[in-house]
Each structure stands twice: as C-alpha cells, then as structure tokens.
Amino acid sequence: MIGIILFFYLLELWLKVLNLKHQSEAIPAEFQDVYDAEKYRQSQLYKKTNTRFSFITSSFATLLIVLMLWFDGFALVNRWAFSVSSNPVWAGLTYFAILYFAYDIITLPFQIYDTFVIEEKFGFNKTTVKTFITDKLKSWILTIIIGGVLLGLIMLIFYKTQDYFWLLAWGVIIAFQLFFTMFYSDLIVPLFNKQMPLPEGELRDKIETYAASVGYDLKDIYQIDSSRRSTKLNAYFSGLGKKKRIVLYDTLIEKLTPDEIVAVLAHEVGHYKHKHILKGFIVSVIVTGIYLYLFQLFSSSVLLAQAMGVDQPNFHIAITAFGILFSPIEFVLGIITNVFSRKNEYQADAFAKETYGGNLLISALKKLSVENLSNLTPHPLYVFFYYSHPPLLERIKQLKDNV
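Residues numbered from 1 in each chain as written. Predicted model: local features only at pLDDT ≥ 70, side-chain atom pairs only at ≥ 80, totals over all residues. Heavy atoms only, no water.

(A) View of the sheet that holds strand 1 (residues 195-197). The four strands are arranged 1-2-4-3 in an open sheet whose pairing can be described as mixed. The sheet is open, and its two edges are formed by strand 1 and strand 3 (235-238), each paired on a single side. Averaged over all pairs of adjacent strands, the angle between strand axes in this sheet comes to 30 degrees, irrespective of strand direction. Sheet analysis places strand 2 (residues 220-224) next to strand 4 (residues 245-249), joined by five bridges and oriented parallel. Pairing of Ile-224 across the sheet is with Tyr-249, part of strand 4. (Pairing = 2+ DSSP bridges. Helix = DSSP H or I, 4+ residues; strand = E, 2+ residues; numbered from the N terminus. Axes fitted to C-alpha atoms, helices over the stretch in contact; angles between N-to-C directions.)

(B) Representation of helix 6 (residues 129-160) within the structure. Counted at 1.5 Å a residue, the expected span for helix 6 with its 32 residues is 46 Å, and the 45 Å between its end C-alpha atoms agrees. The sharpest bend along helix 6 measures roughly 30 degrees and falls at Gly-148. Listed as buried for helix 6 are Thr-131, Phe-132, Asp-135, Lys-136, Leu-142, Gly-152, Ile-154, Met-155, Ile-157 and Phe-158. Buried-residue contacts for helix 6 involve helix 4 (88-106), helix 5 (108-121), helix 7 (165-187), helix 11 (276-298) and helix 13 (315-325). (Expected span 1.5 Å × (residues − 1). Bend = angle between axes of the 7 residues up to and from the residue. Buried < 20%, exposed > 50% of the residue type's maximum accessible area, 1.4 Å probe, protein only. Contact = heavy atoms within 4.5 Å.)

(C) A look at a nonpolar patch on the surface. On the surface, Val-332, Ile-336, Val-339, Phe-340 and Phe-384 cluster together into a nonpolar patch covering about 430 Å² of accessible area. Looking at the nonpolar patch element by element, the count peaks at four residues for helix 14 (residues 327-355). Looking at the element boundaries, Phe-384 is found in helix 16 (residues 380-386). (Patch = residues over 30% accessible without salt bridge, like charges linked within 9 Å, V, L, I, M, F, W, Y side chains within 5 Å. Areas by Shrake-Rupley, 256 points an atom, 1.4 Å probe, with all protein chains shown as cover. Salt bridge = Lys/Arg side-chain N within 4 Å of Asp/Glu carboxyl O.)

(D) View of the side chain of Ser-54. Structurally, Ser-54 can be placed in helix 2 (residues 37-70). What makes Ser-54 buried here is its relative accessible area of 15%. For Ser-54, the residues in contact, after removing those within four places along its chain, are Lys-16 and Ser-59.

(E) The nonpolar core, seen in detail. The biggest cluster of nonpolar side chains holds 40 residues, and the ones touching the most others in it are Phe-31, Ile-207, Ile-246, Leu-248 and Leu-252. Those elements giving two or more residues to this core turn out to be helix 8 (202-213), strand 3, strand 4, helix 10 (258-273), helix 14, helix 15 (358-372) and helix 17 (392-400). Non-local contacts of Ile-207, meaning those with residues more than four positions away in its chain, are made with Leu-198, Leu-218, Ile-221, Ile-246, Leu-248, Val-262 and Leu-265. Ranked by size, the runner-up nonpolar core spans 33 residues in total, among them Val-66, Ala-91, Ile-157 and Val-310. (Core = buried A, V, L, I, M, F, W, Y, C linked by side-chain atoms within 4.5 Å.)

(F) Main features of a positive patch on the surface. A contiguous patch of positive charge on the surface is contributed by Lys-273, Lys-275, Lys-279 and Lys-343. Overall, Lys-275 belongs to the partly exposed group, its relative accessible area being 48%. (Lys, Arg positive; Asp, Glu negative; His and termini not counted. Charge placed at Lys NZ, Arg CZ, Asp CG, Glu CD.)

(G) Quick look at the pattern of salt bridges. According to the stated counting rule, one finds 13 salt bridges in the structure shown. Across the salt bridge formed by Arg-204 and Glu-200, the nearest N and O atoms sit 3.9 Å from each other. Its salt-bridge partner being Arg-395, residue Asp-349 comes within 2.8 Å of it at the nearest N-O pair. Placement of Asp-349 in helix 14 and of Arg-395 in helix 17 is noted, with a sequence separation of 46 residues between them. The pair Asp-349 / Arg-395 is uniform in exposure class, with both members buried. Taken together, the salt bridges that share partners define one network made up of Glu-200, Arg-204 and Glu-208.

(H) Local environment of the packing of helix 5 against helix 6. With their axes 12 Å apart at the nearest point, helix 5 and helix 6 run at an angle of 140 degrees to one another. Comparing their axes, helix 6 and helix 5 come out oblique. Regarding helix 5 and helix 6, the two cross each other, and that crossing is right-handed. Within the contact between the two elements, helix 5 uses Leu-108, Gln-111, Ile-112, Thr-115 and Phe-116 and helix 6 uses Val-129, Phe-132 and Lys-136. (Parallel < 35°, antiparallel > 145°, perpendicular 65-115°, else oblique. Left-handed = near helix turned anticlockwise from the far one by under 90°.)

(I) Molecular detail of the environment of Ala-75. Within the secondary structure, Ala-75 sits in helix 3 (residues 73-84). Along the backbone, Ala-75 and Phe-237 are 162 residues apart, and their C-alpha atoms lie at a distance of 42 Å. Every residue in contact with Ala-75, bar those within four places of it in the chain, is listed here: Met-308, Gly-309 and Val-310.

(J) Region of the structure containing the confidence of the model for the protein. Chain-level pLDDT for the protein is 90 on average; 99% of the residues reach the 70-or-more range. The least confident element of the protein is strand 3, whose mean pLDDT is 80; the most confident is helix 4, at 96. (pLDDT = per-residue confidence, 0-100.)

Printed below as a string of structure tokens:
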C-alpha cells in the first residue's frame with residue numbers, strides 16, 4: 001500500500017515540476033490585447049506560488065498517510081471507535097469523524113495560509129476572519145448531518161444485507177446525487193451566500209431572449225454575492241428539469257459585458273444541448289456501481305484487514321484499504337474522464353459560437369483568464385493527466401476557425 005501511495009505522489013510531483021518549468025517569457029500573441037507585462041508576470045508568479053505551495057501540502061498529506069499505515073494508525077483509530085461503541089455502524093461513524101476532523105484541524109494552517117496569504121497577496125481574497133470561521137463551522141455541521149446520514153445508511157445496509165449491499169447502496173447514492181443536484185441551490189448555497197433573482201434589465205433580457213432562441217426552457221436566473229469572499233469570476237448551472245437555474249457571480253456581472261456573459265452561458269447551454277450533463281451523470285452512476293460491487297468482493301478479506309493492522313474486517317477499515325489499493329484504477333478513470341470532458345468543452349464552445357458568436361466568447365474567456373490569473377501555457381502532459389478543460393489557447397484557436 002505504501003508503495004502505491006509513494007508512486008502516485010512522485011508521479012504527481014514530477015508532473016507539477018514539468019508544468020512549472022513550462023512557461024513562456026513572452027505574452028502569447030492571442031493575449032497581448034488583454035495582458036500587459038506586469039499582469040502577465042503576476043499570472044506566472046501566481047502559478048509558481050500555488051505550485052510550490054501544493055508541493056508542501058501534498059507532501060504533508062502523503063507523509064500523514066504513510067505514517068498512519070507504517071505505525072498502524074488506522075488500526076488505532078479503529079480501536080478508539082469501538083471503545084466508544086460496540087455497534088459497528090456507530091463505531092464506523094466515529095472512525096470517519098475522527099479521521100475527518102483530525103485531518104481538517106491539522107491542515108487548518110495550510111487553509112489559512114492559502115486564503116489569507118497567497119490569495120491576499122494576489123488581490124483575490126475578500127474573506128474576513130469571521131467569514132472564514134463561520135464557513136468552517138457550517139461545513140463541519142453539513143458534513144456531520146449529510147455525511148453522517150449517508151454513511152450511516154450505507155453501513156446499516158452493509159451489515160444487514162451483505163449479499164445485496166452493493167445494489168442497495170448504489171440506489172441510495174443515486175437518490176442522494178439526484179436530490180442534491182436538484183436542490184443544492186435551494187438548500188446549501190443560501191447557507192454561505194446571499195442569492196437573489198437577477199433584476200430586470202438589459203442582462204436578464206438578453207439571457208432570456210437567447211434561451212428562447214435556442215429552445216432552452218429557463219426561468220430562474222440568480223446572482224450571488226461571491227465578492228464577499230473572492231474577486232474571481234464564475235457562473236454555473238444547477239438543477240435538473242424544472243429546477244434548472246443559472247447562477248452568476250456578482251464579480252462576473254461587474255467585469256463582463258452583458259453580451260460576453262450571454263456567450264459564457266451559451267457555452268453552458270451547449271453542454272445541455274449535447275446532453276453532456278446527462279451522459280456524465282450516467283457514467284458516474286455506472287462507475288459508482290462498479291466500485292461498490294468490487295468493494296463488496298474485497299470487504300470481507302481478512303488479509304486486507306490485517307494489512308491495515310486489524311484482525312477482523314469491518315466496513316470502515318475495508319473501505320480505507322479499498323480506496324488505497326484501487327487508486328491506480330481511479331487514476332486511469334480520471335484520465336479517461338478528462339479526455340471526454342475536454343472534448344465536451346470543445347463541443348460546447350462550438351455551440352456557443354454557432355448560436356451567439358465566437359468572438360464574444362473569446363473576449364469573455366480572455367477577460368476571465370486575466371481576472372483569475374489563469375495559467376496560459378500549461379505543459380501538454382500535465383493537461384493530459386489533470387485538465388478537465390482544454391488550455392485556453394487551444395480553445396481560442398478552435399473558436400477562431402471560421403469565426
């Protein structure tokens with residue numbers, strides 16, 4: 001197990017070094033109209049700073065896991081959990097709670113440094129100490145409630161119906177995914193951000209006119225106060241069916257023109273029209289089912305439990321070991337998923353170009369890259385392994401064809 005962890009750590013480290021060294025001193029020609037020398041220097045410095053910081057955080061996380069395995073730390077937490085309750089479900093919940101909160105507290109200095117030093121240095125951070133603390137507490141409460149209910153239910157199924165565990169657990173997870181896909185914006189977002197309908201005006205009129213022109217049924221258009229945490233720009237779609245919703249960051253509304261915002265949303269509508277979201281959900285469901293079936297096959301292995309320092313197998317120890325042993329499969333699946341995701345992004349860009357205008361989307365993407373200090377020249381190998389979106393330069397070149 002330690003060998004698997006170290007292999008993927010070293011692979012990730014090597015790819016990050018390649019990516020860090022792969023940069024152009026000159027501003028790429030396609031961006032010379034939006035970047036000046038200082039802004040470009042800042043984007044490269046931001047990349048270097050984040051990459052070097054990730055060296056520290058990933059090394060620390062890897063060291064923790066290796067030490068936990070080497071010194072039977074997971075077995076120790078397992079004993080603590082069963083000292084709290086002999087019931088395997090409650091013991092499992094205690095086990096996961098100890099690991100989750102211990103790791104989150106241990107890595108809290110890294111989270112604080114990232115927010116209040118790195119993001120602050122580059123002008124992104126708007127989070128106050130009070131907001132940071134309340135966000136953390138809310139996240140903990142949501143993890144306890146949502147994570148506790150889901151994990152508890154899955155473990156109850158595991159111990160009560162082992163022969164059909166993977167099938168029943170699969171159904172529970174699908175139900176949770178569907179529920180939170182549809183109601184995330186209604187239930188979770190308001191706990192962290194103020195969300196309000198986009199006011200009547202030019203932007204709303206343009207969005208509604210465009211949506212009607214491409215046969216996209218859209219009634220809910222919202223904006224959120226993302227500027228209270230960061231200056232970065234973004235927008236997203238959420239929900240399914242009648243629960244579809246567009247959510248715009250107030251920073252996006254401030255920095256982009258109405259036509260550029262519509263071009264960005266046209267890209268998102270392209271995903272819907274090509275059924276990328278539905279296909280992605282179906283693939284996710286299938287992969288989850290396969291993982292659950294494989295987990296059931298390995299969950300009763302005494303050898304696997306002993307490798308974790310535990311005499312008798314149980315759910316929480318088995319799933320910890322399973323997550324480590326099957327990380328190579330997950331890594332390969334991630335590569336395959338990213339390949340298809342990048343293809344989908346090109347298709348969505350093409351849809352936006354055909355239905356609203358490639359130049360407007362190019363202009364919006366350029367502004368987004370400047371405001372977010374995006375990496376303009378990632379290494380191709382790093383892109384292959386980790387990028388779910390094509391590099392911005394490649395997207396612009398594709399959009400410029402036959403514009």
